Amino acid sequence: MADWALITGASRGIGYATAARFRAEGWRVMNVSRHPCTVPDVVNVEVDLSVPGWEATFAPALREGPGQGGGRVCLVHNAARYVHDEVLAMDADHFRQVLEVNVVAPAVLNRLVRPLLTDGSSILYVGSTLSEKAVKGIASYVVTKHALVGMMRSTCQELVGTQIHTACVCPGFTDTEILREHLGGDAAARASVAARTTFGRIITPEEIADFLYTCANTPVLNGAVLHANLGQVET
Ligand SMILES: NC(=O)c1ccc[n+]([C@@H]2O[C@H](COP(=O)([O-])OP(=O)(O)OC[C@H]3O[C@@H](n4cnc5c(N)ncnc54)[C@H](OP(=O)(O)O)[C@@H]3O)[C@@H](O)[C@H]2O)c1
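Residues numbered from 1 in each chain as written. Predicted model: local features only at pLDDT ≥ 70, side-chain atom pairs only at ≥ 80, totals over all residues. Heavy atoms only, no water.

**Notes on helix H7 (residues 205–216)**
Test applied: Secondary structure is summarised from DSSP: a helix means a run of H or I of at least four residues, a strand means a run of E of at least two, and numbering begins at the N terminus for each. Here the expected length of a helix is defined as 1.5 Å per residue gap, with one fewer gap than residues. In this scheme, a residue with accessible area under 20% of its type's maximum is buried, one over 50% is exposed, and one in between is partly exposed, where area comes from a 1.4 Å probe on protein chains only. Think of it as the arc spanned by the lines of direction from the helix axis to the C-beta atoms.
The terminal C-alpha atoms of H7 lie 17 Å apart, and with 12 residues this matches the ideal 16 Å at 1.5 Å per residue to within 8%. What H7 keeps buried is the set Pro205, Ile208, Ala209, Leu212, Tyr213, Cys215 and Ala216. Mapping the buried residues of H7 onto a view down its axis gives an arc of 160°, with all of them on the same face.

**Section: the nonpolar core**
Here is the rule we go by: To define a nonpolar core, start from buried Ala, Val, Leu, Ile, Met, Phe, Trp, Tyr and Cys residues and group those joined through side-chain atoms within 4.5 Å.
Counting 32 residues, the largest nonpolar core has Trp54, Phe58 and Val113 as the members making the most contacts within it. Among the secondary structure elements, those contributing two or more residues to this core are strand E1 (4–8), strand E2 (28–33), helix H2 (55–64), strand E4 (73–77), helix H3 (92–113), strand E5 (122–126), helix H4 (139–158) and strand E6 (165–171). No other element matches H3, which puts 7 residues into this core. Ranked by size, the runner-up nonpolar core spans 27 residues in total, among them Ile7, Ala19, Ala167 and Val169.

**Details of helix H1 (residues 13–24)**
An α-helical segment advances 3.6 residues per turn. Residues three or four places apart therefore align on the same side. Threshold: In what follows, residue pairs with any heavy atoms lying within 4.5 Å of each other are defined as contacts.
Over its 12 residues, H1 runs 17 Å from end to end, which matches the ideal 16 Å to within 8%, given 1.5 Å per residue. Among the residues of H1, Ile14, Gly15, Ala17, Thr18, Ala19 and Phe22 are the ones counted as buried. Buried-residue contacts for H1 involve E1, E2, E4, E6 and H7. Positive phi shows up at Gly26, right after H1, with a value of about 90°.

**Here's the deal with the packing of aromatic side chains**
Using the following cut-off: For this analysis, a ring pair means two rings from Phe, Tyr or Trp (six-membered ring only for Trp) whose centres lie within 6.5 Å, classed as stacked if their planes differ by under 30 degrees, edge-to-face if by over 60, and tilted for the remaining angles.
Scanning the model with the defined rule gives 5 aromatic pairs in all. Aromatic side chains Phe22 and Tyr213 sit 5.1 Å apart centroid to centroid with 75° between the ring planes, which places their arrangement in the edge-to-face category. Residue Phe22 is found in helix H1, and its partner Tyr213 is found in helix H7; the two are separated by 191 residues along the sequence. Plain terms: the ring middles of Trp27 and Tyr213 are 6.3 Å apart, the flat faces sit at 80° to each other, and that makes the pair edge-to-face. With a gap of 186 residues between them, Trp27 in the loop between H1 and E2 and Tyr213 in helix H7 connect regions that are remote in the sequence. Residue class for Trp27 comes out buried when judged on its relative accessible area of 3%. Taken together, the ring pairs in this structure connect Phe22, Trp27 and Tyr213 into an aromatic cluster.

**Description of the pattern of salt bridges**
Pairing between side chains of opposite charge can happen when their charged atoms approach one another. Put simply, the rule is: Definition used for salt bridges: Asp or Glu carboxyl oxygen within 4 Å of a side-chain nitrogen of Lys or Arg.
A complete count under the given rule lists 10 salt bridges for this structure. Asp93 serves as the salt-bridge partner of Arg96, at 3.0 Å between the closest nitrogen and oxygen. Of this pair, Arg96 and Asp93 both sit in helix H3, 3 residues apart, which is roughly one turn of that helix. The pair formed by Arg96 and Asp93 is uniform in burial state, with each residue classed as exposed. In the salt-bridge network here, residues are joined through shared partners; they are Arg21, Glu25 and Asp210.

Here it is in structure tokens:
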């Protein structure tokens, strides 16, 4: 009986490292994103989570993969859009698109995957340092990362009496495309970001993946908001 990790946004970055980590531990892995995850033997469901109706592609794949199982399932809500915008000048259509990927998709996936969550299964949310504080200029990201904490806490309360756990892992500055795009290839900006952790370096995606794997196997963390940021230096 196979254990399955269902990971959104495993085509690169933290999701990719997480897919590789779960595969290395013998789990089957399904990726949900627009581009494929190239970790060997990962099942790819290529959908755009910002376009309503993606469930029509996902649901049959779910039935044929994890739906055949009976083992544990770890659902990792990892995909996210990170865009520059302001809460006092927000375009409604733009905001809806970010909400679709960052908040609506996790809720829809929870509903679709819930019947497969056997004892020992888990729902992990990938939040951010910005799940609990704000910085200027990325309002939709800040709003949606805060929302994930609420969704995780609601998940915990709705799962009372089950043997299924949930947690929200909040990475700090991690070396992925989101961060590289934000820094725009500027070496000085990169060094200044590294200096924002007490260790003086940027986190690797593999470190967050290791922690997500640990969370999947650690039910006592149920309901927790877990900061994984190498000790952020506050300015
Ligand atoms: N890197 C950091 O410093 C940092 C810090 C805090 C939190 N995080 C969080 O960590 C998670 C992973 O981010 P990352 O740093 O690994 O970023 P990344 O390398 O840019 O990866 C983002 C992933 O999200 C997927 N995605 C984006 N839009 C999508 C859409 N419309 N439909 C389906 N999938 C979509 C992308 O896949 P496709 O392009 O193939 O669709 C990609 O696999 C995010 O939740 C992010 O907020 C990152």
